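Descriptive structure summary
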Amino acid sequence: QVQLVESGGGLVQAGGSLRLSCAAVRRSFSTYHMGWFRQAPGKEREIVAAMNWSGDSTYYVDSVKGRFTISRDNAKNTVYLQMNSLKPEDTAVYYCAAGSGGDSYYTEGYEYDYWGQGTQVTVSS
């Protein structure tokens, strides 16, 4: 069992930055692929970024390429999402997720086994 705890959300003006953290509690996540998802009101959940277990392969949805960066620190059991140049359309609840199996990252929600509780990101115009 992997428990994931997100932090770092908040209110920021357009153009600002936030860094989300997702800490794995009680168990190492170094063998897990990690992903960040978001869900805005009235919209479906979407993948934002993903990284494979070894950290050498990443994925970004087109709308965040060049602005967001996913990274992991296995020594701290933590994965990060650095979000720069934030836009109002980035407003959503952000979730981290962990899944295992294979060598490549996952981009579909059903592929992940564990989820965090979510953290709200609000970008004002």
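Below or above, wherever it landed, is the structure these notes cover. (Residues numbered from 1 in each chain as written. Predicted model: local features only at pLDDT ≥ 70, side-chain atom pairs only at ≥ 80, totals over all residues. Heavy atoms only, no water.)

To continue, consider the packing of aromatic side chains. Taken as a whole and assessed by the stated rule, the structure comprises 6 aromatic pairs. With centroids separated by 6.1 Å and ring planes inclined at 70°, the aromatic side chains of Tyr32 and Tyr114 adopt a geometry described as edge-to-face. Remark: Tyr114 occurs in strand β10 (residues 114-115) and Tyr32 occurs in the loop between β3 (18-25) and β4 (33-39); sequence separation between them is 82 residues. In this structure, Tyr32 and Tyr114 share a single accessibility class: buried. Ring centres 5.6 Å apart and planes at 85° place the aromatic pair Tyr106 and Tyr112 in the edge-to-face group. The class for Tyr106 is buried, based on a relative accessible area of 11%. Residue classification places Tyr112 among the buried residues on the basis of a relative accessible area of 5%. Grouped by ring-pair contacts, the aromatic residues Phe37, Tyr106, Tyr112 and Trp115 constitute a single cluster. (Phe/Tyr/Trp six-rings, centres within 6.5 Å; stacked < 30°, edge-to-face > 60°. Helix = DSSP H or I, 4+ residues; strand = E, 2+ residues; numbered from the N terminus. Buried < 20%, exposed > 50% of the residue type's maximum accessible area, 1.4 Å probe, protein only.)

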